[in-house]
Amino acid sequence: MDETIKSFLESFSPFRIAAALIFCLLTWGFLRAMRLLSEILANKFARYRLFISSAYPVLRLLVWVGALAFVIFAIFSPPFNTILAISASAGLALGLGAQDLIKNIIAGILILMDRPFRVGDMIQVGDDYGEVTNIGLRSTRVHTFDDSTVTLPNSVVLGVAVANSNSGALDEMVVVEFHLPANTDVQQVKELAREAAACSPYVYLKKPIAVLIDDRFDRTFLTRLKIKAYVLDVRLERLLASDISERLKIELLKRGLMTEATVRGVAAGN
């Protein structure tokens, strides 16, 4: 018993604890520098922004796992029996008092390994839609278009359906809907809608632009245009949608396809 206590005290002496704290502090500083560097590189090389941003959370996890292993086996280096005893006690304590934390950490590791989404992706989780800005071991942060940051526990994210709009690509499809009276000249409006999308400075012209037409009845007959175009950068999603709507509306007014009477007709449908 005395030998066990003596061995334990030698392994966790003040000197070794101080060394472990200093090493953890250096690791934290190294990761902060790495994050700063990744942000600089992501801003400088916009084309590779998503790749650079998504690599950092994985590297951070690997660095912390390596640092933890170094602290345990190189700095403290306790006897194997001590490791087993501490592991059992820590496991019991965590199991009783921190089940939610453990669930979130396990879910965070699974998200980083399985990669259903990455930093920079546009995702929909429940009612929240926005850009993933950080994937931590405990939570995932999403920046919405109304400039709010939503923090979602990883266990929640892993347990619900997540819609990923771009899946690691810099571009994504943007859908703009427009409602007009049923007697509108469909061919002319389709051509104007396609032109409005193609002329936008935010559109990605290497991917196709599609304009779909369907009819709907909502107290009156309506023609619904669905304009599908790809945006250059996911962060410009709203700007592209707004620009297409503005350009199309101006052309419809200029050509007399949207008058006070047609607006009243659509309003009646709404």
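Below is a short write-up of the structure. (Residues numbered from 1 in each chain as written. Predicted model: local features only at pLDDT ≥ 70, side-chain atom pairs only at ≥ 80, totals over all residues. Heavy atoms only, no water.)

### Quick word on the pairing of strand S2 (residues 128-135)
Alright, step 1. The element S2 is largely enclosed, with a buried count of 6 among its 8 residues.
Alright, step 2. By the bridge criterion, 4 bridges tie strand S1 (residues 122-125) to S2 in an arrangement that is antiparallel. Across the sheet, Val125 pairs through a bridge with Asp128, a residue of S2.
Alright, step 3. With antiparallel pairing between neighbouring strands as the criterion, S1 and S2 make up a hairpin whose turn holds 2 residues, including Gly126 at a positive phi of roughly 65°.
Alright, step 4. Where S2 and strand S3 (residues 139-144) come together, 5 bridges link them in antiparallel fashion. When the bridges of S3 are listed, Glu131 appears paired with His143. (Buried < 20%, exposed > 50% of the residue type's maximum accessible area, 1.4 Å probe, protein only. Helix = DSSP H or I, 4+ residues; strand = E, 2+ residues; numbered from the N terminus. Pairing = 2+ DSSP bridges.)

### A look at the packing of helix H2 (residues 14-44) against helix H3 (residues 49-76)
Alright, step 1. Following both chains from N to C, one finds H2 and H3 inclined at 170°, their axes separated by 10 Å at the closest point. Between H2 and H3, the angle is such that the two are roughly antiparallel.
Alright, step 2. In terms of residue class, the contact of H2 with H3 is built from 21 nonpolar, 3 polar and 4 charged. (Axes fitted to C-alpha atoms, helices over the stretch in contact; angles between N-to-C directions. Parallel < 35°, antiparallel > 145°, perpendicular 65-115°, else oblique. Nonpolar A, V, L, I, M, F, W, Y, C, P; charged D, E, K, R; others polar.)

### Section: a nonpolar patch on the surface
Alright, step 1. On the surface, a nonpolar cluster with roughly 520 Å² of combined accessible area is contributed by Leu37, Leu41, Phe45, Tyr48 and Phe51.
Alright, step 2. Along the polypeptide, Phe45 turns up in the loop between H2 and H3. (Patch = residues over 30% accessible without salt bridge, like charges linked within 9 Å, V, L, I, M, F, W, Y side chains within 5 Å. Areas by Shrake-Rupley, 256 points an atom, 1.4 Å probe, with all protein chains shown as cover. Salt bridge = Lys/Arg side-chain N within 4 Å of Asp/Glu carboxyl O.)

### Here's the deal with the sheet that holds strand S6 (residues 172-181)
Alright, step 1. In spatial order, the strands read S6-S8-S7; together these 3 strands make up an open sheet with antiparallel pairing. Among the strands making up the open sheet, the edge pair consists of S6 and strand S7 (210-217). In this sheet, neighbouring strand axes are inclined to one another by 25° on average, regardless of whether the strands run parallel or antiparallel.
Alright, step 2. With 8 bridges joining them, S7 and strand S8 (residues 221-231) adopt antiparallel strand pairing.

### Comments concerning the sheet that holds S2
Alright, step 1. Spatial ordering of the open sheet is given by S4-S3-S2-S1-S5, a layout of 5 strands whose pairing is antiparallel. The open sheet has two free edges, formed respectively by strand S4 (149-153) and strand S5 (162-164), since each of these has just one partner strand. On average, each strand axis in the sheet is tilted by 40° relative to the strand beside it, whichever way the strands run.

### Observations concerning the nonpolar core
Alright, step 1. Residues Phe178, Leu180, Leu225, Ile227, Ile244, Leu248 and Leu252 are the most contacted members of the largest nonpolar core, which totals 22 residues.
Alright, step 2. Those elements that provide at least two residues to this core are S6, helix H7 (186-198), S8 and helix H8 (237-254).
Alright, step 3. When residues of this core are assigned to their parent elements, the largest contribution, 5 residues, is made by H7.
Alright, step 4. In this structure, Ile227 is in contact with Val174, Val175, Val176, Ala193, Ala197, Ala210, Val211, Ile244 and Leu248, ignoring residues within four places of it in sequence.
Alright, step 5. Within the second largest apolar cluster, 13 residues are counted, among which are Phe117, Ile135, Val142 and Val157. (Core = buried A, V, L, I, M, F, W, Y, C linked by side-chain atoms within 4.5 Å. Contact = heavy atoms within 4.5 Å.)

### A word on H2
Alright, step 1. For H2, built from 31 residues, the straight-helix expectation of 45 Å at 1.5 Å per residue is met to within 8% by its first-to-last C-alpha distance of 45 Å.
Alright, step 2. Along H2, the residues classified as buried are Ala20, Thr27, Leu31, Met34, Ser38 and Ala42.
Alright, step 3. Turning to H2, the residues buried within the fold contact H3. (Expected span 1.5 Å × (residues − 1).)

### So, the environment of Ser242
Alright, step 1. Along the chain, Ser242 turns up in helix H8.
Alright, step 2. Spatially, the C-alpha atom of Ser242 lies 8.6 Å from that of Val176, the residues being 66 residues apart in sequence.

### Remarks on the pattern of salt bridges
Alright, step 1. Tallied over the entire structure, the rule returns 9 salt bridges.
Alright, step 2. Here Lys226 ties to Glu177 by a salt bridge, and the two come within 3.9 Å at their closest N and O atoms. Of the two residues, Lys226 sits in strand S8 while Glu177 sits in strand S6, which places them 49 residues apart along the sequence.
Alright, step 3. Overall, Lys226 belongs to the partly exposed group, its relative accessible area being 25%.
Alright, step 4. Among the ionic pairs, Glu251 bridges to Arg255, the shortest N-O distance being 3.2 Å.
Alright, step 5. Residue Glu251 is classed as buried on the basis of its relative accessible area, which comes to 19%.
Alright, step 6. Taking relative accessible area as the criterion, Arg255 reaches 44% and is therefore assigned partly exposed.
Alright, step 7. Within this structure, Glu251, Lys254 and Arg255 form a network of salt bridges that share partners.

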